[in-house]
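Structure at a glance
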Amino acid sequence: MSLASKDLREEIIEYCLASMRYGLNFNTQGNISVRLPEHDAIVVTPTDLEYDKMTPDDLVVVGYDGTILEGNRGPSSEVTVHQVVYQRRPDVNAVVHSEPVYSNVFGALGRPIEGVLVNMVIYTRGAVPIMPFQQSNNSSFGEAMCDVMGERNAVIWGNHGLLTVGPNLRDAFKTSIAVESAAKVQHAALSIGTPHVLEYDKLGFTSAL
Ligand SMILES: [Zn+2]
């Protein structure tokens, strides 16, 4: 009996394939994990494997202490970043890292993605901040990134990509789509004027989603 159910493994692969369809990822970039709270572990996509070749058995179960509990492949090289997020944010049960172009445009500029679209602001709980570039395969990057993200549900990695979190995989994934959509609108709006920006704290929403 696997620590991560077949249904959950298949769901993760569905979202990996969706990330390609939505243009969030190219090649083998990006990674997804889900918390397995009853096992003090997470299930995460493997390193360096194309999503359209990935099968449920390729996913890797890693304990909170870093021990590989299930899987024949190595976990994503950014698994330690995921681990720090789960430690720091008890409200988070899923993490999605992707490398979408328009989010990366703002990351390259070191410029946050502002609340130009209402659905993004609700999902992210505010403007998406920038974690300045560092190598992302270690826990010190994860700690610094969590400091930048705070209680929000998204953070841009400068010169690299986007990370979103949520209480479940569906919500974490929806937040990735919402951030990239807002980045596209912000990019287009800035080319012809100054966009009006919504501030989460002033909208009066009490829950993230
Ligand atoms: Zn990446």
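Throughout what follows, the structure given in this document is the object of discussion. (Residues numbered from 1 in each chain as written. Predicted model: local features only at pLDDT ≥ 70, side-chain atom pairs only at ≥ 80, totals over all residues. Heavy atoms only, no water.)

**Comments concerning the overall build of the protein**
A tally of helices and strands in the protein yields seven helices and eight strands. Its C-alpha atoms give the protein principal-axis dimensions of roughly 55 × 35 × 30 Å. Here the protein holds 209 residues, and the buried ones make up 50% of them. Carbon together with sulfur atoms contributes 51% to the accessible area of the protein, which is approximately 9600 Å² in total. (Helix = DSSP H or I, 4+ residues; strand = E, 2+ residues; numbered from the N terminus. Buried < 20%, exposed > 50% of the residue type's maximum accessible area, 1.4 Å probe, protein only. Areas by Shrake-Rupley, 256 points an atom, 1.4 Å probe, with all protein chains shown as cover.)

**Observations concerning the packing of helix α1 (residues 6-21) against helix α6 (residues 169-192)**
At a minimum axis distance of 11 Å, the contact between α1 and α6 shows a crossing angle of 5°. The angle between α1 and α6 falls in the class roughly parallel. Seen from α1, the contacting residues are Glu 11, Ile 12, Tyr 15, Ala 18 and Ser 19; seen from α6, they are Leu 169, Arg 170 and Phe 173. Residue classes in the contact of α1 with α6 are distributed as five nonpolar, one polar and two charged. (Axes fitted to C-alpha atoms, helices over the stretch in contact; angles between N-to-C directions. Parallel < 35°, antiparallel > 145°, perpendicular 65-115°, else oblique. Contact = heavy atoms within 4.5 Å. Nonpolar A, V, L, I, M, F, W, Y, C, P; charged D, E, K, R; others polar.)

**Considering the packing of aromatic side chains**
A full pass over the atoms with the stated rule returns three aromatic pairs. Measuring from ring centre to ring centre gives 5.9 Å for Tyr 22 and Phe 173, while their planes differ by 65°; the resulting arrangement is edge-to-face. Pair noted here: Tyr 22 is in the loop between α1 and β1 (31-36) and Phe 173 is in helix α6, with a separation of 151 residues, a long-range link. Three or more aromatic residues link up through ring pairs in this structure, and these residues are Tyr 15, Tyr 22 and Phe 173. (Phe/Tyr/Trp six-rings, centres within 6.5 Å; stacked < 30°, edge-to-face > 60°.)

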